[in-house]
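Analysis of the macromolecular model
Here is how the chains run, residue by residue.
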Amino acid sequence: MLKNKKLRIVIPFIIFIFAFSIRLVYLYQMRDNPIYYNIPKGLDQQRFDQFALQISQGDILGGKDIYSQSPLYPYFLASIYSLFGHHYIMVRIFQMIMGAGTCVLLYLIGKRIFNSTVGVISGIICSLYGVLIFYEGELLRVTMLVFLTVLLVFSLLWISKTKRIAIWLIPGFVLSLLILCRPNNIILVPFILIWIVYITIKNKKLLIRRFMCFFFGVLFALIPLFIRNHIVGVNLFSMSSQGVNAFICGHDSRSPGYGFYYIQDDTYSGKNQIQTCFNILKTAFKTPSKWFAQQIKKSVAFWNGYEIPNNSNFYLSRKFSGLLGLPLPGFAFVASMGIMGIIVSIRNWQKYLLVYLIIIGCFCSVMAFYILSRFRQPIVPFLILFTGV
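Residues numbered from 1 in each chain as written. Predicted model: local features only at pLDDT ≥ 70, side-chain atom pairs only at ≥ 80, totals over all residues. Heavy atoms only, no water.

1. Thoughts on the overall build of the protein
Using the following cut-off: A run of H or I in DSSP counts as a helix once it spans at least four residues, and a run of E counts as a strand once it spans at least two, with each numbered from the N terminus. It is over C-alpha atoms that the radius of gyration is taken, and the globule rule equals 2.2 Å times the number of residues to the power 0.38. Burial classes follow relative accessibility: with a 1.4 Å probe on protein chains only, a residue under 20% of its type's maximum area counts as buried, one over 50% as exposed, and anything between as partly exposed. Here, two residues are considered to be in contact whenever any of their heavy atoms come within 4.5 Å of each other. Residue-level accessible areas treat just the shown protein chains as cover; the underlying method is Shrake-Rupley with a 1.4 Å probe. A positive count includes Lys and Arg, and a negative count includes Asp and Glu. His and the chain ends are not counted in either. Charge coordinates come from a single atom per side chain, which is NZ of Lys, CZ of Arg, CG of Asp or CD of Glu.
The secondary structure content of the protein amounts to 17 helices and zero strands. For 389 residues, the compact-globule formula gives about 21 Å, and the C-alpha radius of gyration of the protein, at 21 Å, lands near that figure. Once the C-alpha set of the protein is aligned to its principal axes, its extents read approximately 65 × 60 × 45 Å. In the protein, buried positions account for 54% of the 389 residues. A sequence separation of at least 24 residues applies to 75% of the contacts in the protein between residues at least 6 apart. Carbon and sulfur atoms form 68% of the exposed surface of the protein, whose accessible area is close to 18,400 Å². When the 36 positive and 11 negative side-chain charges of the protein are each reduced to one mean point, those points stand 19 Å apart.

2. Details of helix α2 (residues 44-56)
Using the following cut-off: Here, expected helix span is obtained from the residue count minus one, scaled by 1.5 Å.
With 13 residues, α2 should reach 18 Å at 1.5 Å per residue; the first-to-last C-alpha distance of 18 Å fits that figure. For α2, the full list of buried residues reads D44, Q45, F48, D49, F51, A52, L53 and I55. Of the surrounding secondary structure, the elements contacted by the buried residues of α2 are α3 (72-84) and α4 (88-113). With its phi angle positive at about 125 degrees, G58 sits one or two positions after the end of α2.

3. Here we look at the pattern of salt bridges
For the record, the criterion: By definition, a salt bridge exists where a carboxyl oxygen of Asp or Glu is found within 4 Å of a side-chain nitrogen of Lys or Arg.
Going through the model one piece at a time under the given rule, you end up with five salt bridges. Across the pair E307 and R376 runs a salt bridge, and its minimum N-O distance is 3.1 Å. One end of the pair, E307, is in the loop between α13 (288-303) and α14 (314-317); the other, R376, is in the loop between α16 (349-367) and α17 (380-387), with 69 residues separating them in the sequence. In this structure R376 comes out as buried when scored by relative accessible area, which is 1%.

4. Side note on the packing of α13 against α16
This is how it is decided: As a rule, the C-alpha atoms of each element are fitted with a line to give its axis, helices using only the stretch in contact, and angles between N-to-C directions run from 0 to 180 degrees. Any angle from 65 to 115 degrees is called roughly perpendicular, while one under 35 is roughly parallel, one over 145 is roughly antiparallel, and all others are oblique. The hand of a helix crossing depends on one turn: near helix anticlockwise from the far one by less than a right angle means left-handed, and clockwise means right-handed. For this classification, Asp, Glu, Lys and Arg are treated as charged, while Ala, Val, Leu, Ile, Met, Phe, Trp, Tyr, Cys and Pro are nonpolar and the rest, including Gly, are polar.
Orientation of α13 relative to α16, taken along the N-to-C sense of each, is 125 degrees, at an axis distance of 11 Å. Taken together, the axes of α13 and α16 lie oblique to each other. You can see that α13 and α16 cross each other, and the crossing is right-handed. Residues Q295, K298, S299, F302 and W303 of α13 touch α16, and the partners they reach there are F363, V366 and M367. Considering only residue class, the contact of α13 with α16 consists of five nonpolar, two polar and one charged.

5. Section: a nonpolar patch on the surface
Quick note on the threshold: A patch consists of residues whose relative accessible area exceeds 30% and which take part in no salt bridge; residues with like charges are grouped when within 9 Å of each other, and nonpolar side chains (Val, Leu, Ile, Met, Phe, Trp, Tyr) when within 5 Å.
Taken together, the side chains of L169, I208, M212, F216 and L219 make up a nonpolar region of the molecular surface, amounting to roughly 470 Å² of accessible area. Examining the composition of the nonpolar patch, we find that four residues originate from one element, helix α10 (residues 204-232), more than from any other. Relative to the helices and strands, M212 resides in helix α10.

6. Describing the environment of C362
Of note, C362 is situated in helix α16. With relative accessibility at 5%, the residue C362 sits in the buried group. Distance from C362 to I199, taken between C-alpha atoms, is 21 Å for residues 163 residues apart in sequence.

7. Remarks on the side chain of T149
Applied cut-off: Polar contacts here mean pairs of N or O atoms no more than 3.5 Å apart (in protein, one a potential hydrogen donor and the other a potential acceptor; neighbouring residues in sequence count only if both atoms are side-chain atoms).
Following the sequence through the fold, T149 ends up in helix α7 (residues 142-159). Under the relative-accessibility criterion, T149 is labelled buried at 1%. Engagement of the side chain of T149 in a polar contact is seen with the backbone oxygen of L145, the distance being 2.6 Å. Contacts of T149, omitting those with residues within four sequence positions, involve L178, I358, C362, P378 and F382.

8. Looking at helix α5 (residues 116-128)
Its 13 residues place the ends of α5 19 Å apart at the C-alpha level, agreeing with the 18 Å of an ideal helix rising 1.5 Å per residue. The complete set of buried residues in α5 reads V118, G119, S122, G123, I125, C126 and S127. Two or three places before T117, at the start of α5, stands the capping residue N115, its side-chain oxygen 3.1 Å from that residue's backbone nitrogen.

Written as structure tokens, this is what we have:
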């Protein structure tokens, strides 16, 4: 009994140290990369950096209009700058701690829904997954998105058997942080609700109470956003002014749907962002065959092994890092093995339903816009889970 208790602590600790050590090796090797010291101008890294500096220097509201970028990641950067100064190395260290934490959480999820062996295999593969390591060195929100998505699933699984109602505030809060990090994650809501209904359908009173606590958790984390938007005089739910451009890129016939193509078209303009998005879809559906072909291309690009670059290039960074140059697990391996694992495990679908739904939700959240390497990373840990089945 005592041995089992020790293993519960020792194994996650070993996985964390292993994952973090690998990331420190990459951090050391990054010194040869020109972007280690200088953030390229005109890219998202610079926008996040400048936004965070603006906040850390006293502009707590982050401007007087709709946020140019969804706010959670810039405020995360601003808190680091306020505590440690404007040093990119501290951002990278914190992101690598989050990355190692993701590996531990994945081990715990794998142990919970499969067994300890699958958990360990999943934690190790995640520790060695080159693209995740690469993005942990970039001033992009990828690492935070992956961590929060895995944390969301972990929190849902761990409270699923309890009848304590208040604890359902926690996954709602985590989901809200995920939405504040990247608003397209709101697409995960119906998939999570399907799972909650499935595990609680026999007790309708309990189901209603869980729903209420879950949504209170979501709203609680959004209160600072509502207050800020009220003060500056914009729509309470507005999180980013860039969503419309991303939606155009994913549905305009002039865009292939993968890689970012900036398209300026005033004919789409509506009274608000939602109306504008409806106008985009209305135009796209006038030629349904073209739109459907575009979505097929997006699907192929999503599941393709190639890491579509934008703002940063994984393949270029491999030239400056011996670690990334090694034959580490990549998306082609994880996707193919993960899909095979899903097929093998489908006979016990009730046990893995939440993970299935999150995989579908992550896929839909990216397909709603356009395809890039960094956008699909939140799905990777859940595919990794099924590689060890």
